[in-house]
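Secondary and tertiary structure notes
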Amino acid sequence: MWPSTAPTPAELYEKILKVFVVDKKYRDPSYSAKKLAEELNTNTRYISAVVNIRFHQNYSSLVNEYRIKDAQYLLTDKRYMDKTMEEISAMVGFANRQSFYAAFYKILGVTPRGYRMEHLAKEKETAKAWPNMNQIWRDTSIGYIPFFHSYTHMQTETFSYNDEQFADLQMLRYRVDG
């Protein structure tokens, strides 16, 4: 039986998800497992155990996964095309460009610049094949990708999410639970 003051592993898992998906604390380069443990009123060993068991990776890998996912979005969003790799690196929480490049390449097998260039090439190719797709998307009243909402086994009563956070959480839940 768990002591009444300590959260159960399932509760801690939910709290960690909130910190990463809703609060996006991974964007702070100095946010450590120790700070997370303090914020969640537990210790780093317990955080580490729950991350290893529920996320199937260590804390650093989890942080980098979220940072890289965030970077993928920024690298392909037209609003951030003027940002340099250093700026994007800082925006997602990496302390320096080298660790950003190393983590990005380790996770995706391509450099951030290469990823952006591949996306731009695909976008150009799609624009040729589907010239009216942007108009169709703008005319659609759905503000999210329906695929993510098909995995509705998640309970969202405890806190609210915007569509981007919901999609991130659903993909993570599907990967971990499915």
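Definitions and limits used
Residues numbered from 1 in each chain as written. Predicted model: local features only at pLDDT ≥ 70, side-chain atom pairs only at ≥ 80, totals over all residues. Heavy atoms only, no water. Salt bridge = Lys/Arg side-chain N within 4 Å of Asp/Glu carboxyl O. Buried < 20%, exposed > 50% of the residue type's maximum accessible area, 1.4 Å probe, protein only. Helix = DSSP H or I, 4+ residues; strand = E, 2+ residues; numbered from the N terminus. Polar contact = N/O pair within 3.5 Å; in protein donor to acceptor, adjacent residues only side chain to side chain. Phe/Tyr/Trp six-rings, centres within 6.5 Å; stacked < 30°, edge-to-face > 60°. Lys NZ or Arg CZ within 6 Å of the ring centre and 35° of its normal. pLDDT = per-residue confidence, 0-100. Contact = heavy atoms within 4.5 Å. Expected span 1.5 Å × (residues − 1). Arc of directions from axis to C-beta.

1. Re the pattern of salt bridges
Considering all chains together, one arrives at 5 salt bridges under this definition. Lys18 is paired through a salt bridge with Asp23; the nearest N and O atoms lie 3.2 Å apart. Judged by its relative accessible area of 29%, Lys18 falls in the partly exposed class. A salt bridge links Arg97 to Glu86, with the nearest nitrogen and oxygen atoms 3.5 Å apart. With a gap of 11 residues between them, Arg97 in helix H6 (residues 97–108) and Glu86 in helix H5 (residues 85–92) connect regions that are remote in the sequence. What makes Glu86 partly exposed here is its relative accessible area of 40%.

2. What to know about the side chain of Gln57
Its place among the elements puts Gln57 in the loop between helix H3 (44–55) and helix H4 (59–76). There is a polar contact of 3.0 Å between the side chain of Gln57 and the side chain of Glu65.

3. Some points on the environment of Ile53
Residue placement: Ile53 occurs in helix H3. We classify Ile53 as exposed; its relative accessible area is 59%.

4. Some points on the packing of aromatic side chains
Within the structure shown, the criterion is met by 9 aromatic pairs. One aromatic cluster in this structure is built from Phe94, Phe100, Tyr101, Phe104 and Tyr115. The ring of Tyr13 carries Arg54 above its face, with NZ or CZ at 4.0 Å from the centroid. Looking at Arg67, its charged tip hangs above the ring of Phe94, at a distance of 5.2 Å from the centre.

5. Points about the confidence of the model for the chain
One rule of thumb: low pLDDT means the predicted coordinates there are not for detailed reading. Per-residue confidence for the chain gives a mean pLDDT of 79; residues scoring 70 or more make up 69%. Considering only residues more than four positions removed or in separate chains, one finds that residues 173–178, a stretch of pLDDT under 50, has 16 contacts.

6. Quick notes on unusual backbone geometry
Phi is positive for Lys24, close to 50°, though the residue is something other than glycine. Relative to the assigned elements, Lys24 resides in the loop between helix H1 (9–22) and helix H2 (33–39). Exposure remark for Lys24: the relative accessible area of 12% places this residue in the buried category. Here His56, not a glycine, exhibits a phi torsion of approximately 60°, which is positive. Residue placement: His56 occurs in the loop between H3 and H4. Taking the relative accessible area as the measure of exposure, His56 reaches 57% and is therefore exposed.

7. A closer look at H3
An ideal rise of 1.5 Å per residue puts 16 Å on 12 residues; H3 measures up with 15 Å between its terminal C-alpha atoms. Every buried residue of H3 is accounted for by Tyr46, Ile47, Val50, Val51 and Phe55. For H3, the angular spread of the buried residues around the axis is 130°, confining them to a single face. Of the exposed residues in H3, those oriented more than 90 degrees away from the buried face are Arg45 and Ile53. Two or three places before Arg45, at the opening of H3, Asn43 has a side-chain oxygen 3.1 Å from that residue's backbone nitrogen. His56 sits one or two residues past H3 and shows a positive phi near 60°.

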